[in-house]
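Here are the chains, one letter per residue:
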Amino acid sequence: MDGEPYLYERSGRRYPIDDWRWRGDDGSPLSVSAMTGPTPDPIDSAERSLWRYRAALPVDAEHRISLGEGCTPMPALDWRGHRVRFKLEWFNPTGSFKDRGVSVMISHLQSQGVTRVLEDSSGNGGSAVAGYAAAAGMDAKILVPAATSPAKILQARAYGAEIELVGGTRDDVGDEAIRQSAFIPYASHNWHPMFIQGTKTIGYEIWEDLGFRVPDNIVLVAGAGSVALGCDLAATELLATGAIDRRPRLFVGQPADWATIAELVNGVTGPDDAQRRPTIAEGASIARPVRLPEVAAAITRSDGGAVAVSEDSIHAAVRALAGRGLYAEPTSAVAAAALDHFIDTGDIRSDQITVVVLTGSGLKSPARMGEVVGVS
C-alpha cells in the first residue's frame, strides 16, 4: 500500500483505500494517508466546484457525485476596525459546508456499489447526505435528534430520505446510528474518512482566493471539528508541496456547555453530560467528538486557540452578522463570537489577514433565528 493512498487507524494499522470499513479494528476513526496537495498549475480553473482540486482527492473523478459544491464567496467586511473575510459556506447546494465532504464521501461509496446509506445528524449533515444520495440514486436513512429544527428535517424529507427521530442528546443519536450500521452502510460525516477529504477544500479555496497565500488566522465553529481538521489537512498538504511556508492559525469557538474541544486545548474540565444545557447553536452540541484528540492537536499545531462562548455572545454575533447582511444560523455565528473573543485578547490583530468560516444559513433555522431577533 506504500505507493498509493491508504486508510489508517490511531494505532497505525493500515487498510486499503477501497476497504468498506468506516472505522478501524481498534474502534478509532480512520484517516486517509497524506495526499499531494495542489499547486496553481494542476488546478482545473474551468471547473466550478471543489472537483477543480481532483488531483488532490483520493476518489476517481469519473465516479463523482457533484451538485456544484465549493467555490463559495469570501467577501471582506469591516468588523470592529478589522477588515475580515467571511467564507460563506451556505452557498453550497444544500445550504452548508457539509456538501463538500458528502460529495467526496458519496462519490467514494457509489464507486463501491453502495445503494443505501445511513447517516446521523443534527440537521445540515443529514440534509447533505439526503441530497447527494438522491443525486446518486441511493436510498438514505437519516437519524436526527427529536429536537432538530423542522426546516432541516423537511429538507431531508424532500430529497426522499427516510427520517427517524431519536430522543436524547446528539451523542445518543450517534450511538443509535452505530448500532444500525450493522445493517446499513454508514455514511457518517463524523466517522467516514472521505468526509474530511472534502472539507479540506475549504482550506484550498481560501489559499487560492487569497492569491495562493494563506491567511494569518482562520476562525471556525466546532461541533465535531471537521472544518478545523480540513483546514489543518489542507495546510499540511500545501506545506508538503512548497505552495505555502507556514500554517494559518486556527481559532475555534464552541457553545459554553458543549466545549469539549476547547476544554482539552485549554486544559480545563467542563460540565458532565447531566449538567449540559441546550444551546441555540444546535449543530455544535456534541459532547463526545469522534476525532477529539486530532482536532485539539490541529489547533495546537497551528499555534491557535479555542474558546467556549456564552449564549448571549452567540445571540449578539447573529445580530452583528445580520447587521452586515450575513444571515448566518446560530451555529455559524459561534465563529463570529469567537472572533470577538480573540480580537479582545489581542490574538487577532487588524494588520493580519483573517478569514471566518460561516458554515450554514439562517434559512435553515427559522425558529432559532426568531428567538434571536425576537420574532415568533
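As recorded in an unreviewed UniProt entry, the chain goes by the name Pyridoxal-5'-phosphate-dependent protein beta subunit, listed as coming from Gordonia bronchialis.

## A word on the pairing of strand E7 (residues 139-145)
When you tally the buried positions in E7, you get six out of seven residues, the bulk of the element. Pairing between strand E6 (residues 116-120) and E7: five bridges, direction parallel. Looking at the pairing, Leu118 lines up with Lys141 of E7. Note on the crossover from E7 through helix H3 (residues 150-158) to strand E8 (residues 162-166): the handedness is right-handed.

## Examining the pattern of salt bridges
One pass over the full model with this rule turns up 26 salt bridges. Linking Asp351 and Arg349 is a salt bridge whose minimum nitrogen-to-oxygen distance equals 3.0 Å. The salt bridge partner of Glu371 is Arg368, with a shortest N-O separation of 3.4 Å. Note that Glu371 and Arg368 are positioned in helix H11 (residues 366-373) at a spacing of three residues, about one turn of the helix. Since its relative accessible area comes to 45%, Glu371 is described here as partly exposed. What emerges from the salt-bridge pattern is a single network uniting Lys87, Glu89, Arg100, Glu205 and Asp209.

## A short note on the domain arrangement of the chain
Segmenting the chain into domains produces domain 1 (76-96 + 192-373) and domain 2 (98-181). For domain 1 versus domain 2, the separation of C-alpha centres amounts to 23 Å. The partner domain 2 presents 24 residues to the 28 residues of domain 1 that form the contact. With both sides pooled, the region where domain 1 packs onto domain 2 buries about 2,200 Å², and carbon together with sulfur makes up 50% of that total. The largest contributions to the domain 1 side of the interface with domain 2 come from Thr94, Phe195 and Lys364, which together make up 28% of the buried area. Taken together, the links from domain 1 to domain 2 amount to three salt bridges. Two residues, Arg288 and Asp175, come together in a salt bridge whose shortest N-O distance is 3.2 Å. One can count 13 residue pairs in polar contact (both at pLDDT 80 or more) joining domain 1 with domain 2. Those elements that provide at least two residues to the side of domain 1 that touches domain 2 are helix H5 (193-209) and H11.

What counts, and at which threshold
- Residues numbered from 1 in each chain as written.
- Predicted model: local features only at pLDDT ≥ 70, side-chain atom pairs only at ≥ 80, totals over all residues.
- Heavy atoms only, no water.
- Buried < 20%, exposed > 50% of the residue type's maximum accessible area, 1.4 Å probe, protein only.
- Helix = DSSP H or I, 4+ residues; strand = E, 2+ residues; numbered from the N terminus.
- Pairing = 2+ DSSP bridges.
- Right-handed = clockwise from strand over helix to strand, strands pointing away.
- Salt bridge = Lys/Arg side-chain N within 4 Å of Asp/Glu carboxyl O.
- Domains from an automatic or database assignment.
- Contact = heavy atoms within 4.5 Å.
- Buried area = accessible area lost by both parts, 1.4 Å probe.
- Polar contact = N/O pair within 3.5 Å; in protein donor to acceptor, adjacent residues only side chain to side chain.

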